[in-house]
Amino acid sequence: MLSERRLQVLRAIVQDYVGTEEPVGSKALTERHNLGVSPATVRNDMAALEEEGFIAQPHTSAGRIPTDKGYRLFVDKLAGVKPMTAPERRAIQNFLEGAVDLDDVVARTVRLLAQLTRQVAVVQYPSLTRSTVRHVELLSLAPARLMLVLITDTGRVEQRMVDCPAPFGEASLADLRARLNSRVAGRRFTDVPSLVEDLPEAFEAEDRGTVSTVLSTLLETLVEENEERLMIGGTANLTRFGHDFPLTIRPVLEALEEQVVLLKLLGEAKDPGVTVRIGHENAHEGLNSTSVVSVGYGSGGEAVAKLGVVGPTRMDYPGTMGAVRAVARYVGQILAES
């Protein structure tokens, strides 16, 4: 375990390197931070930190920079994340509240995160497997043609056309709509199949074919939408950090194009807390020079998806973690109210 003083020296090195982009020397540390010890003591502390792999000498310069291990300890020992200012919080709220539907919420969230953190923003759409049914609407388009509209608790709206085997009257349609909603409204998607399997038996023989067709379309919609979707923005922000990527930025850009990689990066949605993966903690080789800060978001107390940012390991961790957490909280509130 590091002594409190050495931890203080490490914190100062991380803060200075993130702020200045220059390797940090003992003289500059003593001048810029009130460490309460002599430059010689700071030099000894830096030598110990280097020996333990928390900092490294990038080239022959006198300065040191944090390693992945150093950043990890810095993040683990953070006293708290940087809170958003009141004007920032208002701006986030006003920007997100202007959204007209779920696609707009996700698009605005991506833009907002990329602007606030000046990193690459990634937002996963709320997963239907973790969603609940808010309402099922059935509309008659022709005697034997219906439209099925599925609305989820996260504001997702799915529409499907249903061609019925026989004409279906308004009274039967109203009956099916009422019975369907009484069984599935407020219930998890995963519970729906078992809740509706005996529904056709509640109808007259001539209507059962249509009821079964409507139910098949509903169940197909639930399964079909299970594939995870995400939106990414702010990739151009990476070009500002060219020198933070040892050889080239290309492996990072290639990794960001792979949806599977991004979903793995964001991690499981059911883990709602802020997660920080630094450098080589990212399994994908192309992302070994990046850090990923992610958090779950959702309406109510449960996370239904993740959002986060990808940037160089030389990142303002307290600020980024604060921004990601604040945006997730507002998105959750908007989904709950939508």
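Conventions used here
Residues numbered from 1 in each chain as written. Predicted model: local features only at pLDDT ≥ 70, side-chain atom pairs only at ≥ 80, totals over all residues. Heavy atoms only, no water. UniProt positions renumbered as here; feature names shortened; annotations may be inferred. Helix = DSSP H or I, 4+ residues; strand = E, 2+ residues; numbered from the N terminus. Expected span 1.5 Å × (residues − 1). Buried < 20%, exposed > 50% of the residue type's maximum accessible area, 1.4 Å probe, protein only. Contact = heavy atoms within 4.5 Å. Polar contact = N/O pair within 3.5 Å; in protein donor to acceptor, adjacent residues only side chain to side chain. Patch = residues over 30% accessible without salt bridge, like charges linked within 9 Å, V, L, I, M, F, W, Y side chains within 5 Å. Areas by Shrake-Rupley, 256 points an atom, 1.4 Å probe, with all protein chains shown as cover. Salt bridge = Lys/Arg side-chain N within 4 Å of Asp/Glu carboxyl O. Lys, Arg positive; Asp, Glu negative; His and termini not counted. Charge placed at Lys NZ, Arg CZ, Asp CG, Glu CD. Core = buried A, V, L, I, M, F, W, Y, C linked by side-chain atoms within 4.5 Å. Pairing = 2+ DSSP bridges. Axes fitted to C-alpha atoms, helices over the stretch in contact; angles between N-to-C directions.

- The protein has the name Heat-inducible transcription repressor HrcA in an unreviewed UniProt entry, where Streptomyces viridiviolaceus is given as its organism.
- Under the Function (unreviewed entry) heading, UniProt states for the protein: "Negative regulator of class I heat shock genes (grpE-dnaK-dnaJ and groELS operons). Prevents heat-shock induction of these operons."

### Quick look at helix H6 (residues 102–117)
Then comes step 1: Taking 1.5 Å of rise per residue, the 16 residues of H6 would be expected to cover 22 Å, and the 22 Å separating its terminal C-alpha atoms lies within 8% of that figure.
Then comes step 2: Of all the residues in H6, the buried ones are Leu102, Asp104, Val105, Val106, Arg108, Thr109, Val110, Leu112, Leu113, Ala114 and Thr117.
Then comes step 3: Next to the buried residues of H6 lie helix H5 (86–97), strand E3 (120–124), strand E7 (230–233), strand E10 (305–312) and helix H12 (317–337).
Then comes step 4: The backbone nitrogen of aspartate 103 lies 3.3 Å from a side-chain oxygen of the residue at the head of H6, namely aspartate 101.
Then comes step 5: A positive backbone phi angle near 55° is found at arginine 118, which sits one or two residues after H6.

### A look at a positive patch on the surface
Then comes step 1: Together, Arg89, Arg90, Arg325 and Arg329 line one region of the surface with positive charge.
Then comes step 2: Secondary structure elements with two or more residues in the positive patch: H5 and H12.
Then comes step 3: Along the chain, arginine 90 turns up in helix H5.

### Brief notes about the nonpolar core
Then comes step 1: In this structure, Leu29, Leu307 and Tyr317 are the most contacted members of the largest nonpolar core, which totals 56 residues.
Then comes step 2: For this core, the element with the most residues is H12, which contributes 11 residues.
Then comes step 3: Apart from the residues lying within four places of it in its own chain, the contact partners of tyrosine 317 are Tyr71, Phe74, Val75, Val276, Ile278 and Ser291.
Then comes step 4: The next biggest cluster of nonpolar side chains, apart from the first, holds 24 residues, and it includes Leu176, Phe189, Val192 and Leu222.

### Here's the deal with a nonpolar patch on the surface
Then comes step 1: Taken together, the side chains of Leu139, Leu141 and Met161 define a hydrophobic patch exposed on the protein surface, amounting to about 260 Å² of accessible area.
Then comes step 2: Considering the arrangement of structural elements, one finds leucine 141 in strand E4 (residues 133–142).

### Examining the sheet that holds strand E8 (residues 275–278)
Then comes step 1: Reading across the sheet, the five strands line up as E7-E3-E10-E9-E8 and stay open at both edges, with antiparallel pairing between neighbours. Where the open sheet ends on each side, the last strands, each with one partner, are E7 and E8. On average, each strand axis in the sheet is tilted by 15° relative to the strand beside it, whichever way the strands run.
Then comes step 2: As paired elements, E3 and E10 share four bridges and run antiparallel to each other.

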